[in-house]
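The residues making up each chain are set out below.
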Amino acid sequence: MATSSLYPPNSHSLSDRVISQVVQRSASVHGRVDNVSTKKYTESRLNLHHLTLREPVSIGEVSTMMPSSPSIMGTQQTNQFLGHQDKYGELIKELVAKRDIRRERCRTNQARYRKKQQKYLTNLEVEIEQLQEEIQKLEKNRQVLSFGIPTKETMWKIAAEYFRLFRHGYIAPATYAEYQPNGIPRRSNVQYEFLQATMSIDVTNDTVRGVDALLENWRLFSLHHTDVQLQLDRLETGPEGSLVATVKYGITITENTLQNLYPHLQVGDGKWCPLAKRLLHQRIEIIGSIRFGWDNSSGRVVSLDTKADLLTPMLRLLGNLENVAHVFSGARISLESARILEPSV
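Residues numbered from 1 in each chain as written. Predicted model: local features only at pLDDT ≥ 70, side-chain atom pairs only at ≥ 80, totals over all residues. Heavy atoms only, no water.

Caption draft 1: Structural detail: unusual backbone geometry. Here the phi dihedral of H281 falls at roughly 65°; this positive angle occurs in a residue that is not glycine. When you line up the elements, H281 lands in the loop between α9 (274–279) and β9 (283–295). Assessed through its relative accessible area of 61%, H281 is described here as exposed. The phi dihedral of A338 is positive, around 60°, even though this residue is not glycine. As for its position among the elements, A338 is in the segment after α11 (321–328). When its relative accessible area of 8% is taken as the criterion, A338 is described as buried. (Helix = DSSP H or I, 4+ residues; strand = E, 2+ residues; numbered from the N terminus. Buried < 20%, exposed > 50% of the residue type's maximum accessible area, 1.4 Å probe, protein only.)

Put into structure tokens, the structure is as follows:
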């Protein structure tokens, strides 16, 4: 029999009578329910797998992930669904509890760390204060060692230490971390301690008498001049067992010098006369001598006779004796000894 695309070999099996007897197969209800429940159960497991402790999930939310219509399932599947719901509910509770425990542990560790840091800062402040006190004590010891305060020394060594100690004029006392009974911090004045250890109580210097007055004159001299320097040129024996030192003073005259030692040269409104302007900002050198009077019985210096040739540098700056006389007519410094004078009343 001839065949073609219009007449296949099995065309007799595809006749209208055969096809009319074909009945449409109905879908199985149980199969559809099984497929649906299996799909939803799988999705619920995937959703539960992605749960984290950072986002707490309630039991109600878990139930929405599970099949919502157990009535369409069989009895066995319904029991399995309820079992899974209880299982995941307990899992959620356990995870939430672990999260809370970890958070509480973190808070405890942070509080302990902050307390440790605060204690460290407190201890550091105490150590800084102790170091500052130690530095002040060491500074005092350094000054004592630098100036070398003698106790039972010869007149030669005392004189040498005197020039070493006052080579830059008066030095302000150092304050260190010790307090007197009245609550005032103790102050260490190495120069004063040196004078007390080597000079007699009533030591004289021109018209100045006593250690306190001697040191006060040094203080005023250094206060009213800038860059004070005392240089020892020669040291030799003098009459009556004394010791004579040839020295050189170096000072700079500033506006502060004029205001305190030469106030009569001011003409008003903060202006200075021409002679004062000649002195302003001038650096001068004064040649002088200091005679140390020695008492063998006490082993102390009893007199310091100071001479200073202030006339020569002033004459060079002012030009003639008349100008020098005018400048020193009301000055608060001695032309013969460079000693600071008390202001006239």
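Caption draft 2: Geometry of the pairing of strand β10 (residues 300–309). Pairing analysis gives 2 bridges linking strand β3 (residues 199–205) to β10, with the strands arranged parallel. Looking at β10, one finds that T204 is bridged to S303. Judged from the 9 bridges that link them, β9 and β10 form a sheet pairing that is antiparallel. If you follow I287 over to β10, its bridge partner there is D309. (Pairing = 2+ DSSP bridges.)

Caption draft 3: Up close: the side chain of R332. With respect to the secondary-structure elements, R332 resides in the segment after α11. For R332, the side chain forms a polar contact with the main-chain oxygen of N260, separated by 3.1 Å. (Polar contact = N/O pair within 3.5 Å; in protein donor to acceptor, adjacent residues only side chain to side chain.)

Caption draft 4: Main features of the packing of aromatic side chains. For the coordinates displayed, the defined rule picks out 8 aromatic pairs. Three or more aromatic residues joined by ring pairs make a cluster, and in this case those are Y162, F163, F166, W218, F221, Y249 and F292. (Phe/Tyr/Trp six-rings, centres within 6.5 Å; stacked < 30°, edge-to-face > 60°.)

Caption draft 5: Geometry of helix α7 (residues 211–223). With 13 residues, α7 should cover 18 Å at 1.5 Å per step; its first-to-last C-alpha distance of 18 Å lies within 8% of that length. Of all the residues in α7, the buried ones are V211, L214, L215, N217, W218, L220, F221 and S222. (Expected span 1.5 Å × (residues − 1).)

Caption draft 6: Structural view of the pattern of salt bridges. All told, the structure shown has 8 salt bridges when counted by the stated rule. When the shortest N-O distance is used, the salt bridge between K98 and E94 registers 3.5 Å. Residue K98 and its partner E94 are located together in helix α4 (residues 75–147), separated by 4 residues, close to a single helical turn. Across the pair E236 and R234 runs a salt bridge whose closest N-O atoms are separated by 3.7 Å. Taking the relative accessible area as the measure of exposure, E236 reaches 36% and is therefore partly exposed. Residue classification places R234 among the partly exposed residues on the basis of a relative accessible area of 44%. (Salt bridge = Lys/Arg side-chain N within 4 Å of Asp/Glu carboxyl O.)

Caption draft 7: Structural view of empty space enclosed by the protein. In the structure shown here, the tally under the stated rule is 3 cavities of 30 Å³ or more. Considering the residues around the largest cavity, the lining is formed by 13 residues, among which N205, N217, Y249, T306 and S337 are closest to the centre. Residue contributions to the lining of the largest cavity peak at 4 residues, all from α7. (1 Å grid on protein atoms, 1.4 Å probe; cavity = no way out; pocket = protein on both sides within 12 Å on 5 of 7 lines; lining within 4 Å. Points joined across faces, edges and corners; volume = space filled by probe spheres on them.)

Caption draft 8: Molecular detail of the nonpolar core. Counting 54 residues, the largest nonpolar core has Y162, L195, Y262, F292, M314, F328 and I333 as its most contacted members. Look past the residues within four positions of I333 in its chain and what remains in contact with it is F221, H225, L261, Y262, L310, F328, A338, R339, I340 and L341. (Core = buried A, V, L, I, M, F, W, Y, C linked by side-chain atoms within 4.5 Å. Contact = heavy atoms within 4.5 Å.)

Caption draft 9: Representation of α11 in the model. N323, V324, V327 and F328 are the residues of α11 that are buried. The buried residues of α11 occupy an angular sector of 125° when projected down its axis, which confines them to one face. In α11, the exposed positions that point more than 90 degrees away from the buried face belong to L321 and E322. N-cap assignment for α11: the residue whose side-chain oxygen lies 3.1 Å from the backbone N of E322 is N320. (Arc of directions from axis to C-beta.)

Caption draft 10: Examining the confidence of the model for the protein more closely. Averaged over every residue, the pLDDT of the protein is 77; residues scoring 70 or more account for 66%. Within the protein, helix α3 (residues 59–65) has the poorest average pLDDT of any element, 48, and strand β6 (residues 243–252) the best, 95. Every residue in residues 48–59 scores below 50 in pLDDT, and together they form 17 contacts with partners more than four places removed in sequence or on other chains. Across residues 148–152, where pLDDT falls below 50, the model places 11 contacts with residues more than four positions away in sequence or in other chains. (pLDDT = per-residue confidence, 0-100.)

Caption draft 11: Spatial organisation of the packing of helix α6 (residues 190–198) against α7. α7 packs onto α6 with a crossing angle of 140° between their chain directions and a minimal axis gap of 10 Å. Judged by the twist between their axes, the crossing of α6 over α7 is right-handed. In this structure, α6 contributes Q191, Y192, L195 and Q196 to the contact, and α7 contributes V211, D212, L214 and L215. Class assignment for the residues of the contact of α6 with α7 results in 5 nonpolar, 2 polar and 1 charged. (Axes fitted to C-alpha atoms, helices over the stretch in contact; angles between N-to-C directions. Left-handed = near helix turned anticlockwise from the far one by under 90°. Nonpolar A, V, L, I, M, F, W, Y, C, P; charged D, E, K, R; others polar.)

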